[in-house]
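Structural overview
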Amino acid sequence: MDILLQESQRLHSEASLQESIEDVEKIIQHLERAKQAIVADPNSASITLAKLQNPIKNGCDQITADLTKLNRAQAKYGKVLKENFPAKALPTDYDALASHPSLVNRAIAMHLLREGQFAVASIFVEEAQNSPPHPIPTPVSPHPADSDAGDFTSLKSQELQHLFSNMYYILGQLKTRNIHPAIDWARQNSAELERRGSTLEFELSKLQYIWLFQGPAMNSLPADENNGLHGALRYARANFGRFQNRFLPEIQQLATAMIYAQNLRSSPYHHTFSSSSSWSDVCTSFTREFCSLLGLSAESPLYIAATAGAVALPALLKLALIVREKRTEWTTKDELPVEIPLPSSMIFHAIFVCPVSKEQTTDNNPPMMMPCGHVVAKESLNRLSKGGKFKCPYCPNESQPKDAREIIL
Ligand SMILES: [Zn+2]
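Summarised in this report is the structure supplied together with it. Quick caveat, the model's predicted, so the values are computed rather than measured.

Parameters at a glance
- Residues numbered from 1 in each chain as written.
- Predicted model: local features only at pLDDT ≥ 70, side-chain atom pairs only at ≥ 80, totals over all residues.
- Heavy atoms only, no water.
- Donors = N, O, S within 2.8 Å, 3.2 Å for Na, K, Ca; no water.
- Tetrahedral: all angles 85-135°; square planar, octahedral: opposite > 155°, others 65-115°.
- Helix = DSSP H or I, 4+ residues; strand = E, 2+ residues; numbered from the N terminus.
- Buried < 20%, exposed > 50% of the residue type's maximum accessible area, 1.4 Å probe, protein only.
- Expected span 1.5 Å × (residues − 1).
- Pairing = 2+ DSSP bridges.
- Contact = heavy atoms within 4.5 Å.
- Axes fitted to C-alpha atoms, helices over the stretch in contact; angles between N-to-C directions.
- Phe/Tyr/Trp six-rings, centres within 6.5 Å; stacked < 30°, edge-to-face > 60°.

1. Some details on the coordination of the zinc ion
- All of the protein donors around the zinc ion are Cys372 (SG), His374 (ND1), Cys392 (SG) and Cys395 (SG); their distances to the metal are 2.0 to 2.3 Å.
- Because the angles between the four donor atoms bound to the zinc ion fall within 106 to 112°, the donor set is best described as tetrahedral.
- Sequence spacing of the donors to the zinc ion: C-x1-H-x17-C-x2-C. Here cysteine 372 is found in the loop between strand 1 (367-369) and strand 2 (375-377), whereas its partner cysteine 392 is found in the loop between strand 3 (390-391) and strand 4 (398-399), with 20 residues between them in sequence.
- For cysteine 372, a relative accessible area of 26% translates into the label partly exposed.

Listed below in structure tokens is the structure:
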């Protein structure tokens, strides 16, 4: 793996197109100058063109030399990559995604849009529409093959592009410590954010207060009455009133910190005012709230799916090999015989395993809670009750199947 890292670093430092771009720019400058000279004095055309020959040839040679270096680094990296990750076919009988190429395309387009790669996204959508993919039916696909091959109308890519470019603009401003566009956005969406229990609008205003409080030495804003303690107080008076109902104790703390302004470091408010991650935290919560108002998750689903897949792959490969060697078959649908450990950030659905049948519950066999509070799977409940009154397997209570309630996880 070390050699891979080494080559990757080399690729990073050597395989830059920057030098080639600069050389191309130089050639363009030569050509522009020659054009101007000829326009100014058409009689000088032949001499100007003659003078142009050498610089252009040298420029082109330089570009070739730059690209040779780049190609060499790429070839070397490719070789090391191939040696370390030999291409092997996955030990599966069919490609589960083969019947849904347009869904995959849609996920890719969506990913590019939300990553802010608008130009790439629009080229991708255009090309995918011009040459629609061909779904290949798979034997056990639970869903019918795509019928809307290449249809991106439901994606509303123009609308999403508009929304996400606004998000990236606001994030970009936050990175340069300009919080105002984010505050304006939060104020415009104040009602919806509050309905969702979001604290974003207050967090942004609080950060602006802290930012001003820290004064010109920290925030490099002009040292006038709108900055420093004065500025912070002025800001709090103008803006904190709207948050009093929800955040009074916090506002009180922020205001009391004024007394400690001279020795904040040894005050109880030290932590609030010295958090190094407060700007990046606000960026994260802004992204999350922005996406959730659009009905989207904060992280790209394609990114999560691909990363979770990469984490799970070694276990799945091992399982496939064992199944093949032992010539056994795993027949339980929608369930794997092994645990796939994933980080908690990648687990979205709580699971319930019936304590009676030891089976994981599914949509058709959901968990059911009896009046005593114990939970078993629906099939187990039916087996236990046989339609009539029955005793809970875990306590002395008796209940009727109709009294059991389905639990939605
Ligand atoms: Zn019970």
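Next comes the rest of the write-up.
2. A short note on helix 15 (residues 301-326)
- Over its 26 residues, helix 15 extends 35 Å from the first C-alpha to the last, a length consistent with the 38 Å expected when each residue adds 1.5 Å.
- Regarding helix 15, the residues found buried are Ile304, Ala308, Ala312, Leu319 and Ala320.
- After helix 15 finishes, the residue arginine 327 shows a positive phi value of roughly 50°.

3. Some words on the sheet that holds strand 5 (residues 405-406)
- Spatial strand order, 2-1-5: three strands in an open sheet with antiparallel pairing. Pairing within the sheet leaves two strands with one partner each, and these edge strands are strand 2 and strand 5.
- Bridge analysis of strand 1 against strand 5 gives two bridges, and the strand direction is antiparallel. Residue methionine 369 lies in a different strand from strand 5, and its bridge partner there is arginine 405.
- This element, helix 16 (residues 378-385), spans strand 1 and strand 2 of the sheet and lies at about 95° to strand 2.

4. Observations regarding the side chain of threonine 287
- Of note, threonine 287 is situated in helix 14 (residues 278-293).
- Beyond its immediate chain neighbours, meaning those up to four positions away, threonine 287 contacts Met167, Leu171 and Ala298.

5. So, the packing of aromatic side chains
- Summed over all chains, the structure comprises 13 aromatic pairs.
- When the ring of tryptophan 211 is compared with that of tryptophan 279, the centres are 5.2 Å apart and the planes differ by 75°; the resulting orientation is edge-to-face. Of the two residues, tryptophan 211 is situated in helix 9 (residues 200-213) and tryptophan 279 in helix 14; the sequence distance between them amounts to 68 residues. Across the pair, tryptophan 279 and tryptophan 211 agree in class, each one buried.
- Pairing tyrosine 235 with phenylalanine 240 gives two aromatic rings, centres 6.3 Å apart and planes at 85°, and the pair type is edge-to-face. Of the two residues examined, tyrosine 235 and phenylalanine 240, each falls in the buried class.

Any link to function would need more than the numbers given here.
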